Amino acid sequence: GAGKQVILDGNNNVDIVLDAQGDSYFNVSHGNVGIGTTSPVSELDVNGTISLSGSAENKLYNSSTSPANGTSTNTTVLYGRQIDLYALDDIVLRTGTSSNDDIIFFAGDSEKARILGSGNVGIGTTSPGQPLHVNGSARVDGDFFIIESNPQIFLSDTNHNSDFSISVNAGLFE
């Protein structure tokens, strides 16, 4: 019909339909589709920015500089006014296989928390030295439990000039 182009492969199978008044599609079962590239490496390979819903605020792109901290890196950026992650089951955040690969949380224009590849979690610090490391004040509303065979609580100033500890040994405070 008018405004419709159909492109066939060598066996007269429909490969591409371009229809100005209906659906357009690629029926590529034997290769990849590239936009902005002549050598696509996957089923859909886009060399450039993908805008979602025609909005300049919602896009997916590759960058050589991290928008979070400005470091040079190969970064995939999902950018939008608000990004909601919704899953019927789990949401999994996974980094590479190295113990140097961290998960970093930014709010505003600065880092607020980090999970090191080793498993240590830091709040207010970029290099947590314990399984939970809080740099700043912490508040617990409710019970705080230390489950250990010989638990200890240490209180100290930053220079370790006024150390104080409470420990329990065989059920007795020391």
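Residues numbered from 1 in each chain as written. Predicted model: local features only at pLDDT ≥ 70, side-chain atom pairs only at ≥ 80, totals over all residues. Heavy atoms only, no water.

This model, assessed by the stated rule, comprises 0 aromatic pairs. Note that Lys 59 overlies the ring of Tyr 79, its terminal NZ or CZ placed 5.3 Å from the centroid. (Phe/Tyr/Trp six-rings, centres within 6.5 Å; stacked < 30°, edge-to-face > 60°. Lys NZ or Arg CZ within 6 Å of the ring centre and 35° of its normal.)

Attention now moves to the confidence of the model for the protein. Averaged over the protein, the pLDDT score is 83; the fraction of residues at 70 or greater is 92%. Taking the mean pLDDT of every element in the protein, the minimum, 69, falls on strand β15 (residues 172-173) and the maximum, 97, on strand β11 (residues 121-123). (pLDDT = per-residue confidence, 0-100. Helix = DSSP H or I, 4+ residues; strand = E, 2+ residues; numbered from the N terminus.)

Topologically, Leu 44 is positioned in strand β5 (residues 44-46). Separated by 13 residues in the primary sequence, Leu 44 and Gly 31 have C-alpha atoms spaced 9.7 Å apart. Ignoring anything within four residues of it in the chain, the contact list for Leu 44 reads Val 33 and Ile 35. (Contact = heavy atoms within 4.5 Å.)

Moving on to the sheet that holds strand β3 (residues 25-26). With antiparallel pairing, 3 strands are arranged side by side in an open sheet as β1-β2-β3. The sheet terminates laterally at β1 (4-8) and β3, the two strands that pair on one side only. As judged from the 2 bridges shared by strand β2 (residues 14-19) and β3, these two strands associate in the antiparallel manner. Across the sheet, Val 17 pairs through a bridge with Tyr 25, a residue of β3. (Pairing = 2+ DSSP bridges.)

Our focus in this paragraph is unusual backbone geometry. Within the chain, Asn 12 stands out as a residue other than glycine whose phi angle is a positive 65°. By the element assignment, Asn 12 lies in the loop between β1 and β2.

What follows covers the side chain of Asp 19. Assignment of secondary structure puts Asp 19 in strand β2. Lys 4 is the oppositely charged side chain nearest to the buried, salt-bridge-free Asp 19, at an N-O distance of 4.3 Å. Within the local environment of Asp 19, its side chain forms a polar contact with the backbone nitrogen of Gln 21, the two atoms lying 2.9 Å apart. Not counting the four nearest positions on each side in its chain, Asp 19 is found in contact with Gly 3, Lys 4 and Ser 24. (Buried < 20%, exposed > 50% of the residue type's maximum accessible area, 1.4 Å probe, protein only. Lys, Arg positive; Asp, Glu negative; His and termini not counted. Salt bridge = Lys/Arg side-chain N within 4 Å of Asp/Glu carboxyl O. Polar contact = N/O pair within 3.5 Å; in protein donor to acceptor, adjacent residues only side chain to side chain.)

Glancing now at the pairing of strand β10 (residues 110-115). Where strand β9 (residues 103-107) lies against β10, 5 bridges are found, and the strand directions are antiparallel. Looking across to β10, one finds that Phe 106 is bridged to Glu 111. Counting the residues in the hairpin turn of β9 and β10 gives 2 residues, including Gly 108, whose phi is positive at 65°. Linkage of β10 to β11, two consecutive antiparallel strands, is achieved through a turn of 5 residues, within which Gly 119 is found at a positive phi near 110°.

A few words now on the pairing of strand β7 (residues 59-65). Pairing geometry for strand β6 (residues 50-51) and β7, over 2 bridges, is antiparallel. Within the sheet, the bridge partner assigned to Ser 51 lies in β7 and is Lys 59. Where β7 and strand β8 (residues 72-79) come together, 6 bridges link them in antiparallel fashion. Looking at the pairing, Thr 65 lines up with Ser 72 of β8.

An order of β9-β10-β11-β12 is seen for the 4 strands of this open sheet, with the pairing classed as mixed. Of all the strands in the sheet, the pair left with one neighbour each is β9 and β12 (132-134). Across the sheet, the mean angle from the axis of one strand to that of its neighbour is 20°, orientation sign disregarded. (Axes fitted to C-alpha atoms, helices over the stretch in contact; angles between N-to-C directions.)

Quick look at the environment of Gly 36 now. As for its position among the elements, Gly 36 is in the loop between β4 (33-35) and β5. With a relative accessible area of 57%, Gly 36 lands in the exposed category. Remark: the alpha-carbon pair of Gly 36 and Gln 152, spanning 116 residues in sequence, is separated by 62 Å.

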